[in-house]
Amino acid sequence: MTSGEHIGIPGKSPSIRRNVAVACLVGVGVLLGVIIARRPAAMQRFDLSAVRTLSAERAAEIAALPCAIELGGLSSLDEAAARPLGGHRGPLFLDGLAAISDAAASDLARHPGPLSIAGLALRSRAATTLSPALAALLARHDGPLDLPAIEELPAEIAKSLAPHRSRLTLAGVKRPSPAAAEALAGHAGPVAQIGRAHV
């Protein structure tokens, strides 16, 4: 190397820097694209609202599906079908239910994912009493719960309703017992209008 030679390429360093910067940006863009592509897709919803009856075998097949399940066409659900559905881990929509046995209600109340039983919750507005099993199932309803016809609230029922996470309205309850009031104090959502029907 002579004294007049220089390391590098004089006059082209800015261009090289620009190329390196562009290459870095492209690399970052590719990396972001890979990260976005690897994000889990939104949970699919399997619409079975045309189903009117459900056997235990079919319920077990449906419960194994890794997606949200729409079964709004069912107006009733026996214990044999409720048991496997109670183990389904995705959102479960049973908004057409009009009546359910205590045994089936107990199985369904164990469902670990979001549970929608809007029809049963609506029909329960006329109920003057609740069984512990039905109260526990209603507590799983993913929405407001209005029980205006309930006038007596046993502590056991109050305890079953306590895990409900949305608004609970008990307009007909004049004076809950101390034990019931204590249970309702642990209600995960707001409790409204206790005794308002008697004011």
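Above: the structure in question.
Keep in mind it's a predicted model, so treat the numbers as computed, not measured.

About the thresholds
- Residues numbered from 1 in each chain as written.
- Predicted model: local features only at pLDDT ≥ 70, side-chain atom pairs only at ≥ 80, totals over all residues.
- Heavy atoms only, no water.
- Helix = DSSP H or I, 4+ residues; strand = E, 2+ residues; numbered from the N terminus.
- Buried < 20%, exposed > 50% of the residue type's maximum accessible area, 1.4 Å probe, protein only.
- Contact = heavy atoms within 4.5 Å.
- Areas by Shrake-Rupley, 256 points an atom, 1.4 Å probe, with all protein chains shown as cover.
- Core = buried A, V, L, I, M, F, W, Y, C linked by side-chain atoms within 4.5 Å.
- Phe/Tyr/Trp six-rings, centres within 6.5 Å; stacked < 30°, edge-to-face > 60°.
- Lys NZ or Arg CZ within 6 Å of the ring centre and 35° of its normal.
- Arc of directions from axis to C-beta.
- Salt bridge = Lys/Arg side-chain N within 4 Å of Asp/Glu carboxyl O.

### Quick notes on the overall build of the protein
And step 1. In terms of regular secondary structure, the protein is built from 8 helices and 7 strands.
And step 2. Buried positions account for 37% of the 199 residues belonging to the protein.
And step 3. A sequence separation of at least 24 residues applies to 42% of the contacts in the protein between residues at least 6 apart.
And step 4. Carbon and sulfur atoms form 58% of the exposed surface of the protein, whose accessible area is close to 11,800 Å².

### A closer look at helix 6 (residues 132-139)
And step 1. For helix 6, the buried fraction is high: 6 of the 8 residues fall into the buried class.
And step 2. Among all positions in helix 6, only Ala 133, Leu 134, Ala 135, Leu 137, Leu 138 and Ala 139 are buried.

### Focus: the nonpolar core
And step 1. Residues Leu 71, Leu 77, Leu 94, Leu 108 and Leu 153 are the most contacted members of the largest nonpolar core, which totals 44 residues.
And step 2. For this core, the secondary-structure elements that each account for two or more residues are helix 2 (56-63), helix 3 (79-85), helix 4 (102-109), helix 5 (118-123), helix 6, helix 7 (155-161) and helix 8 (178-185).
And step 3. Apart from residues no more than four positions distant in its own chain, Leu 77 is found in contact with Leu 54, Ala 82, Leu 85, Leu 94, Leu 97, Ala 99, Ile 100, Ala 104 and Leu 108.

### With respect to the packing of aromatic side chains
And step 1. Enumeration over the complete set of coordinates arrives at 0 aromatic pairs.
And step 2. In this structure, Arg 45 packs its charged tip against the face of Phe 93, placed 3.8 Å from the ring centre.

### What to know about helix 8
And step 1. By the burial criterion, the buried members of helix 8 are Ala 180, Ala 183 and Leu 184. When helix 8 is viewed along its axis, its buried side chains cluster within an angular range of 95° and face the same direction. Pointing more than 90 degrees away from the buried face of helix 8 are the exposed residues Pro 178, Glu 182 and Ala 185.
And step 2. On its buried face, helix 8 is in contact with helix 7, strand 6 (168-169) and strand 7 (191-192).

### Description of the pattern of salt bridges
And step 1. With the rule as written, the count across this model stands at 6 salt bridges.
And step 2. A salt bridge links Glu 61 to Arg 58; its shortest N-O distance comes to 3.1 Å. Pair noted here: Glu 61 and Arg 58 are both in helix 2, with a separation of 3 residues, about one helical turn.
And step 3. Taking the relative accessible area as the measure of exposure, Glu 61 reaches 48% and is therefore partly exposed.
And step 4. A residue is classified by how much of its surface remains accessible, and Arg 58, at 36% relative accessible area, is partly exposed.
And step 5. For Arg 83, the salt bridge is made with Asp 107, and the minimal N-O distance between the two is 4.0 Å. Residue Arg 83 is found in helix 3, and its partner Asp 107 is found in helix 4; the two are separated by 24 residues along the sequence.
And step 6. Three or more residues are tied together by salt bridges with common partners; here these are Glu 79, Arg 83, Asp 107 and Arg 110.

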